Structures are given as structure tokens and as C-alpha cells.
Amino acid sequence: MNAISSDLTRALSSTGSEAAQSLPSSLFGLPDQPAHERVLLAADPLTGLKAIIAVHSTARGPAFGGCRLWTYDSELAALNDALRLSQGMSLKNALAELPFGGGKAVIIKPAGDFDRAALFAAFGRAVQSLAGAYITAEDVGTTTADMRGMQAETSFVSGIPRDGAFGGDPSPKTAYGVYVSIDEGVRRVLGRSSLEGVRVAIQGLGAVGWHLAEYLHGAGAQLLVADIDSAKLARAQAQFGAQVVDVQQIIAADADVLAPCALGAALNAHSVPQIRARLIAGAANNQLATAADGDALHARGISYLPDYLVNAGGIISVAREYRGEGNETAVMAEVGRIRERVAELLDRVATQGLTPARAADEWARAKLVKPA
């Protein structure tokens, strides 16, 4: 309680600083937005668990969204991440026409060595305490093994390999949704008939970024890649013929398409003026630091395909798994329909005179009601 209070005091007294902009002004939700339905703070001293489960909306059904394990600068920074990510999940699930609302969990990574299995067992108990209001799956920093380990504590978990049934790591599906979005965007925005020779800058070669690189390379795209892992960069050079770019320079790379696949807020007041790509579509969540950054991209003639539209492949996959529906072929076909939604968004932008970010937001919020 004291840590949260002191963090909040510092945040509210440091207006105008970058630190203040990354911290929430309310414990209940984001600025100028309705309050979240529920925010659970869960702690377990024995395992070191400090988790925040943010339930943004259950209007369409139980809140569904992954769990992130990360090192945060402060507890309030973790809260802000949970609030932003959970709202994004509401919009993502609505546009994907899933019968689920939006939620997200973040676990503040304990310092030093810790018992990972015990930590996730404790987190599983926290998820179970919500009695199905929130369903979790893997996200940045978590794995299918973590989700499997939680099964003894809660049934409200997905993204788990299942014998004789569909399930498991959703990252290839996320990557495929981004891939078809880029392909459609290149056709509509760049006027190119294929991805052959199109220069794509990928920021981050994590699980999704790597699978995206595989898809793009297979389609003949020329890849520029950046990551903090030198071994991954060497593999990308050898396997894809990729050009390695410094992590500080990838945003400004001479590319046709920019694919942010690392952490959020990569598109901000500092980076937007540097971008040379005409199309942005990537897997990272919350790519825009603020709504104004989306306006700035549009003013520069850059088409931004909102993350919660294009990266919905993962949630489509784990939602199908959770409901016990479909198979690999059916899920990939459903993820492929993200292409149709990208086309519809671009049509809306052309007819409504809105930026892509604001048009997508308006479209998604209109769907934040119980499905018919």
C-alpha cells in the first residue's frame, strides 16, 4: 500500500516528464475512458508473486487475454501496462467477433532466482479466485509450460498443447494474421501486386517476429531486422538473407513497411517524425503511445494498421482451443479473415475521413456489446 501511494505521489507531481506519461493517473482505468470493471492486485509472499489482473469489459463474455511476465520500473508502470493491454484486448476480441471481453494480466518479475512453477501456481490461484471472469494464456515472458503448470490450480487457462486436440503456442497464428495484414496493406496502400521485393523492417525477433519473418521471406520480401539477441540476428542473416539494423535505427530504416514486434509505445512523438515506411503493421501491442501519434502518422501519409486488428491471430487460436472447437485448418482460415477486416478498415478510412487508428477504435467500440 505504501509503495503504491508513494509511486502515485511521484507520478502526479512529475507532470510533463516521460516517467509521468508512462504512469496511470487513476487506479481504475485509462484517462478519458470509462473505468475498468475490475482490477485485482494479487500477492503471494511465499513465491514472490505480484500480479495485476485487469478486467476491462465482460460485455461480450468473460474477459480473455494473456499474462505477461516482465521487469517493470515500478508497480504503477505495471498497472499502466495491465490497463492499456486489457483495453486493447476488448477492442481486439470485439473486432475479431469473439464471444469474449477483454482482460490482461501482468506479473512483476521477481528479482534474482525464483521458483517459476510455484510462482505460476500462485498466479493460477489468483485467476481461479475470479471464478471465470478472466481467462488467461501466454504472452510476453510466459510459455506454454507455464500455462500447463497452472492447470492444477485453475481451469480458466488456454494456450496449452493437448493430446489429440487443437491447442498450444499461439504465436504462429499471431504472425500469420500480421502477415496477411501486411500483404493486404501492400496491395491497397503501396499498389504492389505481391510482397516480392517489398522491404519490411521487423523490430523484434521474438516468437511472433521470427514466424512473421518466415512468412515474409517465403513470399519474397526483403527483410531488415533488429533485436537485442545477436544469435537471432545471425540466424536471420543466414536463413532469410536479412539485413541487420541497429535497434535504435530500425524505426527510421529505409523500408516500405515497418513491423513493430517488440514492446508497446514504439510509435511516439520522438519516433514518428523519423519513420520512412509508408505502411505500419506489426505484432506488438499498444504500438501508439497516444492517440495523437496516430494522427501524426496519418498527417505524414503513413498508413498505420492498428495492432489490435492485425495481431488477433493468437487470441483467435486460444479462444478456439478453450472452447474445444476446430482444428489447425479451421483456425488458420479464421485468422486469414483478418485480411478482410484490414480491407474493410481501409474502406472506412477512405469514406469516413478518419485516421486508421480512430476509425478502428470507433468500429471496435461499437461492437463492445453482447453478441447477438
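Heads up: the structure comes first, above all this text.
Analysis parameters
Residues numbered from 1 in each chain as written. Predicted model: local features only at pLDDT ≥ 70, side-chain atom pairs only at ≥ 80, totals over all residues. Heavy atoms only, no water. Helix = DSSP H or I, 4+ residues; strand = E, 2+ residues; numbered from the N terminus. Expected span 1.5 Å × (residues − 1). Buried < 20%, exposed > 50% of the residue type's maximum accessible area, 1.4 Å probe, protein only. Salt bridge = Lys/Arg side-chain N within 4 Å of Asp/Glu carboxyl O. Arc of directions from axis to C-beta. Contact = heavy atoms within 4.5 Å. Polar contact = N/O pair within 3.5 Å; in protein donor to acceptor, adjacent residues only side chain to side chain. Axes fitted to C-alpha atoms, helices over the stretch in contact; angles between N-to-C directions. Parallel < 35°, antiparallel > 145°, perpendicular 65-115°, else oblique. Left-handed = near helix turned anticlockwise from the far one by under 90°. Nonpolar A, V, L, I, M, F, W, Y, C, P; charged D, E, K, R; others polar. Lys, Arg positive; Asp, Glu negative; His and termini not counted.

Caption draft 1: Here's a closer look at helix 3 (residues 75–95). Its 21 residues give helix 3 an end-to-end C-alpha distance of 31 Å, which sits within 8% of 30 Å, the value for a rise of 1.5 Å per residue. Helix 3 sits mainly inside the fold: 19 of its 21 residues count as buried. Of the residues flanking the end of helix 3, it is glutamate 97, one or two places downstream, whose phi is positive at about 60°.

Caption draft 2: Local environment of the pattern of salt bridges. With the rule as written, the count across this model stands at 19 salt bridges. Of the charged contacts, one joins glutamate 153 and arginine 125 as a salt bridge, the two residues approaching to 3.6 Å between their closest N and O atoms. Residue glutamate 153 is located in the loop between helix 5 (144–150) and helix 6 (171–189), and its partner arginine 125 is located in helix 4 (residues 116–129); the two are separated by 28 residues in the primary sequence. On the basis of relative accessible area, glutamate 153 is assigned to the partly exposed category, the value being 27%. Residue arginine 323 is joined to glutamate 325 by a salt bridge in which the shortest nitrogen-to-oxygen separation is 3.5 Å.

Caption draft 3: Region of interest: helix 8 (residues 230–240). Looking at helix 8, one finds that the buried residues are Leu233, Ala236 and Phe240. Projected down its long axis, helix 8 shows its buried positions confined to an angular sector of 70°, all on one face. Across helix 8 from its buried face, at more than 90 degrees, point the exposed residues Ser230 and Ala238. Check the buried side of helix 8 and you find it contacts helix 7 (207–218), strand 8 (222–226) and strand 9 (243–244). One side-chain oxygen of the residue at the start of helix 8 lies 2.9 Å from the amide nitrogen of alanine 231, identifying that residue as aspartate 229. Note on helix 8: the residue one or two positions beyond its end, glycine 241, has a positive phi of about 65°.

Caption draft 4: Representation of the packing of helix 6 against helix 7. Relative to each other, helix 6 and helix 7 sit at 50°, their axes nearing to 8 Å. Regarding the angle of helix 6 to helix 7, the classification is oblique. Along this stretch, helix 6 crosses helix 7, giving a crossing that reads as right-handed. Counting all contacts with helix 6, which are made through Ser171, Pro172, Thr174, Ala175, Tyr176, Val178, Tyr179 and Ile182, the residues of helix 7 involved are Ala207, Val208, His211, Leu212, Tyr215 and Leu216. For the contact of helix 6 with helix 7, the per-class residue count stands at 11 nonpolar, 3 polar and no charged.

Caption draft 5: Structural view of the side chain of aspartate 307. Tracing the sequence through the fold places aspartate 307 in helix 10 (residues 307–310). One buried charged side chain, aspartate 307, makes no salt bridge at all; its nearest oppositely charged neighbour is lysine 92, positioned 6.3 Å away. A distance of 3.4 Å separates the side chain of aspartate 307 from the backbone nitrogen of asparagine 286, its partner in a polar contact. Those residues in contact with aspartate 307 that lie beyond four places of it in its chain are Gly282, Ala284, Asn285, Asn286 and Gln287.

Caption draft 6: Fine view of unusual backbone geometry. Non-glycine residue glutamate 97 carries a positive phi angle of around 60°. With respect to the element layout, glutamate 97 can be found in the loop between helix 3 and strand 5 (101–108). One non-glycine residue, alanine 131, lies in the positive phi region at around 55°. For alanine 131, the location among the structural elements is in the loop between helix 4 and strand 6 (134–135). Using a relative accessible area of 63% as the deciding quantity, one classes alanine 131 as exposed.

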